[in-house]
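Notes for the structure review
Chain by chain, the residues run as shown.
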Amino acid sequence: MNGRTIGVLISGRGSNLQALIEAVADGRLDARIALVISNRADATGLGHARTAGIETLVLDHRAFSSRDEYDRALARALRACGATLVCLAGFMRLVGPPLLEAFPNAILNVHPSLLPAFPGVDAQAQALAHGVRVSGATVHLVTGELDAGPIVMQAPVPVLDDDTRDTLAARILIEEHRIYPAAAQAVLDGGWHVEGRRWSRGARATRSPESADA
Ligand code: GRF
């Protein structure tokens with residue numbers, strides 16, 4: 001992957017954005033966050049970006065005539081800031097073909113479960129309801145299938161007997177904040193490939209039509 005410029009998409013709190021900002025500041029993430037885009041003007045994460053001196057942009061999806069138009073606008077803004085990696089950080093929108101095609105194998109998402117368990121909304125409540133003893137956090141490449149792209153990094157978190165949705169979410173969040181910068185760094189470092197669902201470091205052994213090198 002050429003270049004180490006990140007664009008971050010948020011919708012709300014922005015604690016994962018803040019984790020990326022701190023990792024850049026202390027050298028764990030060798031990159032520049034060039035732009036933070038929110039689809040909501042009231043996202044508190046925009047404040048984290050402004051405090052860190054990062055350019056912000058509000059692109060309200062309701063102002064666009066279609067999902068594709070919105071995704072094209074996101075892609076234009078991300079390209080204009082020179083982004084080579086896009087990090088979704090609590091961005092509550094499905095990413096469609098115009099954005100996926102503009103950044104092939106270059107969009108990351110963080111999800112609060114050990115995927116493929118509990119995709120979609122409120123993964124922590126899903127985990128509690130299911131009664132699993134271990135949940136966790138996942139960073140994955142984004143594809144057209146919700147929360148199903150190649151997994152770059154995961155961290156387990158035990159589910160305790162007295163956990164509520166919020167206590168479990170808080171412990172998972174600690175792991176999200178730890179692995180998201182590490183996964184972004186690994187992806188920016190390149191030297192990895194994707195074969196089927198599988199993300200691996202190193203060159204792939206054999207060529208297959210659906211595989212791609214970083
Ligand atoms: C996180 O739990 C993330 O895994 C999920 O949305 C939440 C965003 O939190 N995709 P924040 O906005 O980063 O604080």
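Scroll up a little and you will see the structure.
Attention here is on the structure that accompanies the text. (Residues numbered from 1 in each chain as written. Predicted model: local features only at pLDDT ≥ 70, side-chain atom pairs only at ≥ 80, totals over all residues. Heavy atoms only, no water.)

Before going further, it helps to spend a moment on the state of the cysteines. Summed over the entire model, instances satisfying the criterion amount to 0 disulfides. Among the cysteines around Cys 81, which has no disulfide bond, Cys 87 carries the closest sulfur, lying 11 Å off. With a relative accessible area of 14%, Cys 81 lands in the buried category. (Disulfide = S-S within 2.5 Å. Buried < 20%, exposed > 50% of the residue type's maximum accessible area, 1.4 Å probe, protein only.)

Taken in spatial order, the 7 strands line up as β3-β2-β1-β4-β5-β6-β7 in an open sheet, and their pairing is mixed. Where the open sheet ends on each side, the last strands, each with one partner, are β3 (55-58) and β7 (151-158). On average, each strand axis in the sheet is tilted by 20 degrees relative to the strand beside it, whichever way the strands run. Here strand β6 (residues 134-141) runs beside β7; their pairing, made up of 7 bridges, is antiparallel. Across the sheet, Val 139 pairs through a bridge with Met 153, a residue of β7. Set on the sheet, helix α1 (residues 15-25) makes contact with β1 (5-10), β2 (32-38), β4 (85-88) and β5 (107-111); between it and β2 the angle comes to about 165 degrees. Running over the sheet, helix α3 (residues 67-80) touches β1, β2, β3 and β4 and is turned about 160 degrees from β2. (Pairing = 2+ DSSP bridges. Helix = DSSP H or I, 4+ residues; strand = E, 2+ residues; numbered from the N terminus. Axes fitted to C-alpha atoms, helices over the stretch in contact; angles between N-to-C directions. Contact = heavy atoms within 4.5 Å.)

A word on the packing of aromatic side chains. All told, the structure shown has 2 aromatic pairs when counted by the stated rule. Each ring, one from Trp 192 and one from Trp 199, has its centre 5.8 Å from the other, and the planes form 35 degrees; the classification is tilted. Owing to a relative accessible area of 2%, Trp 192 belongs among the buried residues under this scheme. For Trp 199, a relative accessible area of 10% corresponds to the buried category. (Phe/Tyr/Trp six-rings, centres within 6.5 Å; stacked < 30°, edge-to-face > 60°.)

Attention now goes to α3. Here α3 contains 14 residues, and its C-alpha end-to-end distance of 20 Å stays within 8% of the 20 Å for a straight helix at 1.5 Å per residue. Of the positions making up α3, those classed as buried are Tyr 70, Asp 71, Ala 73, Leu 74, Ala 75, Ala 77 and Leu 78. Where α3 is buried, its residues touch β1, β2, β3, β4 and α4 (97-102). Phi turns positive one or two residues past the end of α3, at Gly 82, with a value near 80 degrees. (Expected span 1.5 Å × (residues − 1).)

Taken together, Arg 13, Gly 14, Ser 15, Asn 16, Gly 90, Val 110, His 111, Pro 112 and Glu 176 make up the full set of residues near the ligand. Contact distances for the ligand include 2.9 Å between an oxygen atom and a backbone N or O atom of Asn 16. For the ligand, an oxygen atom lies 2.7 Å from a polar atom in the side chain of Glu 176. Isolated, the ligand exposes 370 Å² of accessible area, and the fraction of that covered by the protein chains is 85%. Of all the secondary-structure elements, those providing two or more residues to the shell around the ligand are α1 and β5. The residue inventory of the shell around the ligand, partitioned by class, reads 2 nonpolar, 5 polar and 2 charged. (Near = heavy atom within 4 Å. Polar contact = N/O pair within 3.5 Å; in protein donor to acceptor, adjacent residues only side chain to side chain. Areas by Shrake-Rupley, 256 points an atom, 1.4 Å probe, with all protein chains shown as cover. Nonpolar A, V, L, I, M, F, W, Y, C, P; charged D, E, K, R; others polar.)

A few words on the packing of α1 against helix α6 (residues 165-189). Contact geometry for α1 and α6: axes closest at 9 Å, N-to-C directions at 45 degrees. With respect to their mutual orientation, α1 and α6 come out oblique. Considering the relative orientation of α1 and α6, their crossing is right-handed. On α6, the residues touching Ser 15, Asn 16, Ala 19, Leu 20 and Ala 23 of α1 are Leu 173, Glu 176, His 177, Tyr 180 and Pro 181. Here the residues of the contact of α1 with α6 sort into 6 nonpolar, 3 polar and 1 charged. (Parallel < 35°, antiparallel > 145°, perpendicular 65-115°, else oblique. Left-handed = near helix turned anticlockwise from the far one by under 90°.)

Let us look at unusual backbone geometry. For the bond running from Leu 115 to Pro 116, omega is 15 degrees, close enough to zero to count as cis. Mapped onto the elements of the fold, Pro 116 is located in the loop between β5 and α5 (123-130). Positioned with a positive phi, Asn 105 is a non-glycine residue whose angle comes to about 55 degrees. Notably, Asp 147 is not glycine yet its phi reads approximately 55 degrees, a positive angle. Position of Asp 147 relative to the elements: it lies in the loop between β6 and β7.

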